[in-house]
Amino acid sequence: MNDTSAKNDGRTGFSRRRFITGTGSLLGAAALAGPTPSAWATPRTAAAPIASGSRVPALVIGTGYGGCVAALRLAQAGTDVHMAEMGMAWDTPGPDGKIFANTTRPDDRSFWLRTRTKQPLSNFLGFPLDRNVNRYTGILDAEEFGGITVYQGRGVGGGSLVNGGMAVTPRRENFGAILPTVDAEEMYSTYYPRANSGLGVTTIDPAWFEEADCYQYARVGRKHARRAGFPFLFVPAVYDWDYMKREAAGTVPRSALDGEILYGNNHGKKSLQKTYIDRIRATGRVTISPLHKVTTVTPAPGGGYTVLIDQLDTTGRTTATKTVTADKVFFAAGSVGTSKLLVGLKATGALPLLNDEVGRGWGDNGNVMCGRANHLWDPTGKLQASIPTGGIDNWDAGGAFAEVAPLPTGIETWASFYLSITKNPHRARFTWNAAAGRAELDWQTAWKQPSIDAAKTIFDRINRKEGTIYRSDLFGVHKIWGDHLTYHPLGGAVLDKATDNYGRLHGHPGLYVIDGALIPGNTSVNPFVTITALAERNIERIIATDL
């Protein structure tokens with residue numbers, strides 16, 4: 001049985017006092033201190049930003065997966081491209097010598113324009129983990145809507161900067177439910193392989209996995225899954241596994257083995273900065289303007305589109321507003337960013353011919369999180385690599401795929417932690433609130449119940465088999481399920497509805513959607529490989545026919 005002595009808190013076999021005294025990294029003095037003047041206020045700018053009055057053949061709004069695919073392929077086809085990115089370049093080390101902050105020690109770099117962190121895992125053993133920070137254009141946006149918090153990457157590289165790097169291609173038999181108007185044969189023979197190659201996707205060395213201390217937590221998760229009758233699948237990722245081996249050997253600075261993931265990874269992770277963006281820069285045809293936020297796109301009198309762009313400083317203040325003309329515009333600001341922008345442009349009359357499908361079909365990829373309290377003879381390890389390597393597949397029987405996720409606290413927790421992707425049918429819509437001057441999302445908190453029910457088909461069964469219980473101290477007091485968020489926003493400008501079957505927006509020739517907004521709410525697995533592959537498919541057709 002679990003150790004549930006009254007001397008212990010949280011049913012995990014160690015005391016609150018031991019937790020506080022044993023982990024300076026998670027709840028130490030730095031994490032509890034108030035804000036100090038920001039030391040990251042003046043990042044270096046790699047190149048001169050776009051000038052007001054410029055005309056560009058192609059403007060890409062955003063530098064995430066879809067935007068990078070579009071920019072690279074357009075440049076390779078001979079088109080000059082400019083990319084406008086709302087976030088920073090993330091190319092300048094701070095006073096600590098690192099570009100990115102540590103997951104367990106958030107600072108000003110961690111969050112986008114917040115004065116208090118809003119961490120996905122908000123509590124531990126009854127103690128809140130959030131802390132005050134200075135308002136800064138940090139790397140992770142926790143954007144709050146009425147019923148959900150959406151986590152998004154902010155910076156050159158978009159979501160690739162902050163995700164867990166799990167590069168999963170959906171099972172082919174599930175693809176028809178993901179993108180029903182797309183030819184699966186083409187995707188699996190051409191575009192998924194192209195995306196995986198471009199992203200640098202590889203799989204962990206199974207022999208090393210079996211012996212690595214940093215993946216004890218994943219081996220415990222595998223054991224519990226298999227004993228309950230579920231398959232455990234190794235999952236590809238975008239991490240340099242040779243670098244991780246050197247981390248474990250102590251010959252290079254630690255990155256994944258120092259818990260770096262949620263607020264960026266300083267060394268081993270192959271984010272877009274190291275893959276597509278490196279190749280983009282090598283073309284000599286693409287320029288990138290960080291801290292530039294597109295606010296308006298309207299048809300230009302002489303053809304093309306007039307685009308208004310606010311230049312920001314690191315407090316989020318607008319320091320200049322620029323007018324640029326673009327022959328073609330590619331919306332790649334992420335599912336939420338693209339959807340909000342398009343809904344506003346339609347409602348305010350800037351792009352009145354957009355159809356009524358704009359803003360519809362938005363989903364959370366069925367995300368829900370939970371933790372389990374294991375027995376004392378099942379430790380998950382003090383050292384945990386921040387890059388997940390495996391998942392539990394119950395999609396066909398229960399509608400859930402669960403990645404075995406790390407809890408890189410630096411102490412033994414005897415806890416297994418999971419992020420589930422579930423077959424949640426609910427879809428939300430973005431609409432324009434004219435009085436407030438903003439787009440709003442009508443997601444309802446109760447819509448997460450199907451995700452919880454699907455996740456329970458896995459974890460109730462594991463708990464029954466192991467004689468274990470759920471953790472109730474990770475997302476608030478006595479709260480088992482992390483049902484308040486998503487890491488995987490999808491939809492809002494759905495393919496073959498708001499656009500044609502290759503991402504061309506209806507009503508306004510020369511405008512395209514090329515990101516996760518095209519995918520209607522669910523991919524059955526982590527979505528970024530599918531976003532990349534779909535972008536590769538679409539831009540190939542656009543270049544062949546529209547340029």
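Here, the structure is the one placed above.
These remarks concern the structure in this document. Just so we're clear, the structure is a prediction, and the values are computed from it rather than from any experiment.

A look at helix α10 (residues 276-283)
(1) Moving on: Buried within α10 we find Tyr276, Ile277 and Ile280. Angular distribution of buried residues about the axis of α10 spans 90 degrees; they occupy a single face of the element.
(2) Moving on: Tucked inside the fold, the buried residues of α10 contact α4 (65-76), β2 (81-84), α6 (184-199), β8 (286-289) and α14 (528-546).
(3) Moving on: Gly284 sits one or two residues past α10 and shows a positive phi near 75 degrees.

Some remarks on the nonpolar core
(1) Moving on: In this structure, Val297, Phe330 and Phe331 are the most contacted members of the largest nonpolar core, which totals 88 residues.
(2) Moving on: In this structure, Phe111, Ala218, Tyr263 and Phe475 belong to the second largest nonpolar core, which totals 69 residues.

Details of the sheet that holds strand β5 (residues 140-144)
(1) Moving on: If you trace the 3 strands from one edge of the open sheet to the other, you get β5-β6-β19, paired in mixed fashion. Of all the strands in the sheet, the pair left with one neighbour each is β5 and β19 (485-486).
(2) Moving on: In terms of strand pairing, β5 meets strand β6 (residues 149-153) through 5 bridges, oriented antiparallel. Its bridge partner being in β6, Glu144 is matched across the sheet by Thr149.

Comments concerning the packing of α4 against α14
(1) Moving on: Running from N to C, α4 and α14 point in directions that differ by 35 degrees, and their axes come no closer than 8 Å. Like other packed secondary-structure pairs, α4 and α14 cross with a definite hand, here right-handed. Contact with α4, carried on its side by Tyr65, Gly66, Val69, Ala70, Arg73 and Leu74, involves Phe528, Ile531, Thr532, Ala535, Glu536, Ile539 and Ile543 of α14 and no other residues of that element.
(2) Moving on: Residue composition of the contact of α4 with α14, by class: 9 nonpolar, 2 polar and 2 charged.

Procedures and definitions
Residues numbered from 1 in each chain as written. Predicted model: local features only at pLDDT ≥ 70, side-chain atom pairs only at ≥ 80, totals over all residues. Heavy atoms only, no water. Buried < 20%, exposed > 50% of the residue type's maximum accessible area, 1.4 Å probe, protein only. Helix = DSSP H or I, 4+ residues; strand = E, 2+ residues; numbered from the N terminus. Arc of directions from axis to C-beta. Contact = heavy atoms within 4.5 Å. Core = buried A, V, L, I, M, F, W, Y, C linked by side-chain atoms within 4.5 Å. Pairing = 2+ DSSP bridges. Axes fitted to C-alpha atoms, helices over the stretch in contact; angles between N-to-C directions. Left-handed = near helix turned anticlockwise from the far one by under 90°. Nonpolar A, V, L, I, M, F, W, Y, C, P; charged D, E, K, R; others polar.

The analysis is restricted to geometry; functional conclusions fall outside its scope.
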